[in-house]
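Structural features, examined
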Amino acid sequence: MNITDEIRNCLQSAFDPRELEVVDDSESHRGHAGYREGGESHFNVRIRAAAFEGQSRVARHRAVHAALGDIVPRIHALAMDIDA
């Protein structure tokens, strides 16, 4: 399973989102720090879930990082757009 699918599965399981988009944006970072040939180093996540209702931005980001667990150290960058 690739990292994109791992991210998607973890977030789906943890938050049951009504909207989830996971994009491997690695190619747009070619030549920059952390880029790996073949991708799977830079990701953009857009997630909308009731689980984030009433949480601060920091709490939402922490929740996503906690849900991703050991995936986070295996990637270079994770941009997140999170809302309830």
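Quantities reported herein were computed from a predicted structural model and do not represent experimental measurements.

Observations concerning the sheet that holds strand β3 (residues 77–83)
With mixed pairing, three strands are arranged side by side in an open sheet as β1-β2-β3. Each end of this open sheet is capped by a strand with a single partner; those strands are β1 (19–24) and β3. Direction aside, neighbouring strands of the sheet carry axes that sit 10 degrees apart on average. As judged from the seven bridges shared by strand β2 (residues 42–48) and β3, these two strands associate in the parallel manner. Residue pairing in the sheet places Arg 48 in a bridge with Asp 83 of β3.

Points about helix α1 (residues 3–15)
Taking 1.5 Å per residue as the helical rise, α1 with its 13 residues ought to reach 18 Å, and the 18 Å between its terminal C-alpha atoms agrees with that figure. Check the buried side of α1 and you find it contacts β1, β2 and α2 (57–68). Taking the backbone nitrogen of Thr 4 as reference, a side-chain oxygen 3.2 Å away marks Asn 2 as the first, capping residue of α1. Once α1 ends, the next one or two residues include Asp 16, with phi positive near 45 degrees.

Section: the pairing of β3
Every second residue of β3 is oriented toward a common face, the buried set being Leu 78, Met 80 and Ile 82 and the non-buried set Ala 77, Ala 79, Asp 81 and Asp 83. In this fold, β2 hands off to α2, which returns the chain to β3; that crossover is right-handed.

Description of the pattern of salt bridges
Summed over the entire model, instances satisfying the criterion amount to six salt bridges. We note a salt bridge from Glu 6 to Arg 74, for which the minimum N-O separation is 2.8 Å. You can see Glu 6 sitting in helix α1 and its partner Arg 74 sitting in the loop between α2 and β3, a full 68 residues away along the chain. Accessibility expressed as a relative area gives 33% for Arg 74, which makes it partly exposed. Taking the shortest distance from any N to any O, the salt bridge between Arg 60 and Asp 83 comes out at 3.2 Å.

Comments concerning α2
Between its first and last C-alpha, α2 extends 17 Å over 12 residues, near the 16 Å set by a 1.5 Å rise per residue. Those residues of α2 lying buried are Arg 60, Ala 63, Val 64 and Leu 68. End-on view of α2: buried residues confined to an arc of 130 degrees, all on one side of the axis. Of the exposed residues in α2, those oriented more than 90 degrees away from the buried face are Arg 62 and Ala 66. Along its buried surface, α2 packs onto α1 and β3.

Conventions adopted
Residues numbered from 1 in each chain as written. Predicted model: local features only at pLDDT ≥ 70, side-chain atom pairs only at ≥ 80, totals over all residues. Heavy atoms only, no water. Pairing = 2+ DSSP bridges. Helix = DSSP H or I, 4+ residues; strand = E, 2+ residues; numbered from the N terminus. Axes fitted to C-alpha atoms, helices over the stretch in contact; angles between N-to-C directions. Expected span 1.5 Å × (residues − 1). Contact = heavy atoms within 4.5 Å. Polar contact = N/O pair within 3.5 Å; in protein donor to acceptor, adjacent residues only side chain to side chain. Buried < 20%, exposed > 50% of the residue type's maximum accessible area, 1.4 Å probe, protein only. Right-handed = clockwise from strand over helix to strand, strands pointing away. Salt bridge = Lys/Arg side-chain N within 4 Å of Asp/Glu carboxyl O. Arc of directions from axis to C-beta.

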